[in-house]
Amino acid sequence: MKKRVAIALSVITLMASGCVTKSTYEETLAELGKTKSSLSETKSSLSEAQRTISLQEEQINAQKIEISKNKEEIAKTKAELEELNANKAALEEEYKNTQELLNASQSKLEKMAQIEAETKKRNEIYARFVSQLQKMIDAGQLSVSIEKGRIVINLPDNVLFKTGHANVNAEGQKVLKEIANVLKEFKDRRFQVEGHTDNVPIKSAKYPSNWELSTARALNVVHLMVEEGMDPKNISAAGYGEFQPRADNERPEGRKLNRRIEIIMLPNLEILSNELPKVMNE
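All residue numbers refer to positions counted from 1 along the written sequence of the respective chain. pLDDT decides what is reported in this predicted model: residues at 70 or higher carry local features, side-chain atom pairs at 80 or more are listed and counted, and totals for whole chains, interfaces and linings draw on all residues regardless. Heavy atoms from the whole structure form the basis of all side-chain values; hydrogens and water molecules are not counted.

A. Region of interest: the pattern of salt bridges. Salt bridges are defined as contacts in which a side-chain nitrogen from Lys or Arg sits within 4 Å of a carboxyl oxygen from Asp or Glu. Under the definition given, this model contains 13 salt bridges. Put simply, E194 and R150 hold a salt bridge, and the shortest N to O gap is 4.0 Å. Of this pair, E194 sits in strand β3 (residues 191-196) while R150 sits in strand β2 (residues 150-156); the two residues are 44 residues apart in sequence, bridging distant segments of the chain. Three labels apply to residues, based on accessible area from a 1.4 Å probe with only protein chains included: buried if under 20% of the type maximum, exposed if over 50%, partly exposed otherwise in between. We classify E194 as buried; its relative accessible area is 4%. In this structure R150 comes out as partly exposed when scored by relative accessible area, which is 24%. One salt bridge connects E262 with R260, and the closest N-O pair in it is separated by 2.8 Å. R260 carries the same exposure label as E262, and that label is buried. Salt bridges linked by common partners bring E147, R246, R260 and E262 together as one network. Where helices and strands are cited, they refer to DSSP runs of H or I of at least four residues and of E of at least two residues respectively, numbered from the N terminus.

B. Representation of the environment of A218. Position of A218 relative to the elements: it lies in helix α6 (residues 210-227). For A218, a relative accessible area of 0% translates into the label buried. The spacing of A218 and V193 is 25 residues in sequence and 5.6 Å in space, taken between C-alpha atoms. Only heavy atoms matter for contacts: two residues are in contact if any of them lie within 4.5 Å across the pair. Those residues in contact with A218 that sit more than four places away from it in its chain are V193, E194, G195, A237, A238 and I261.

C. Geometry of the packing of aromatic side chains. Ring pairs shown here join Phe, Tyr and Trp side chains whose ring centres sit within 6.5 Å, with only the six-membered ring taken for Trp; geometry is labelled stacked below 30 degrees between planes, edge-to-face above 60, and tilted in between. A full pass over the atoms with the stated rule returns two aromatic pairs. Seen from their ring centres, F129 and F186 are 5.5 Å apart, and the 80° between their planes marks the pair as edge-to-face. Within this pair, whereas F129 is found in helix α2 (residues 22-132), its partner F186 is found in the loop between α5 (170-183) and β3, the two being separated by 57 residues in sequence. The two residues F129 and F186 agree in class, both being buried.

D. How the structure looks around the sheet that holds strand β4 (residues 235-239). We call two strands paired when DSSP finds no fewer than two bridges between them. Reading across the sheet, the five strands line up as β1-β2-β5-β3-β4 and stay open at both edges, with mixed pairing between neighbours. The open sheet is flanked by β1 (143-147) and β4, the only strands paired with a single partner. Strand-to-strand twist in this sheet, taken as the mean axis angle between neighbours without regard to direction, amounts to 25°. Bridge count between β2 and strand β5 (residues 260-265): six bridges; the pairing is antiparallel. The residue of β5 that forms the bridge with L155 is I261. Between N-to-C directions, angles cover 0 to 180 degrees, with each direction set by a line fitted to C-alpha atoms, over the stretch in contact for helices. Here α2 sits on the sheet in contact with β1, β2, β3 and β5, set at roughly 165° to β1. Against the sheet, α5 makes contact with β2, β3 and β5, and its axis sits at roughly 165° relative to β2, the strand it touches most.

This is how it looks when you write it as structure tokens:
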């Protein structure tokens, strides 16, 4: 190509100098024609190359747009995935909490069933007490009641003791023997004998206060009932003096009610003492 351009320039130079032969002139013109044809082809190739470049640029731009769309789609999908993961975590936490509530409810139902069974059993025992001790109830020697969830056998002090004394009298021994024969059937139950007095101070060297008197009376009742066959592991004694009255000590009738021995059937501590507070706090 460079060579043909050089020939064309030479022809022009020769023509300018006036020293050109006919054959040289014709050859130069032929070469010039070839050069023009080559230039035309080159121009055509350049145009084609430009069109190819433009097409490629359009394709690149289209690819850039597609990539941008893909990036946006990826970002959108990533956001949706993060939201799904967050929802999944929330659902898992909700499921965990629901499962815990379900387990707690199941546990509560089981505990309530235990309490209900214990209450039913207590009521059955109460009915047996009343049935087997009915003669003494009718005679006014004792009463049977349910107080604060406990079965209470209440014996007035005059049935068991002389005033100011702790030794059980003959009538009281017969009464306690019959009671012991009933209570010793319940080998899985614990009982507590509680001594109570009125608020009249006792004047005795043996019993400095009503505490000592009430405790001595409760202990003597326990000893007698153990002699009658009650398991000593299932019975205990406590003295409360005048500090848990049933009635007003200002009146003789009230003081009479306060002077008493109570035999308490203790509740099942494994259920009522341990489980019931948990249920009530839930």
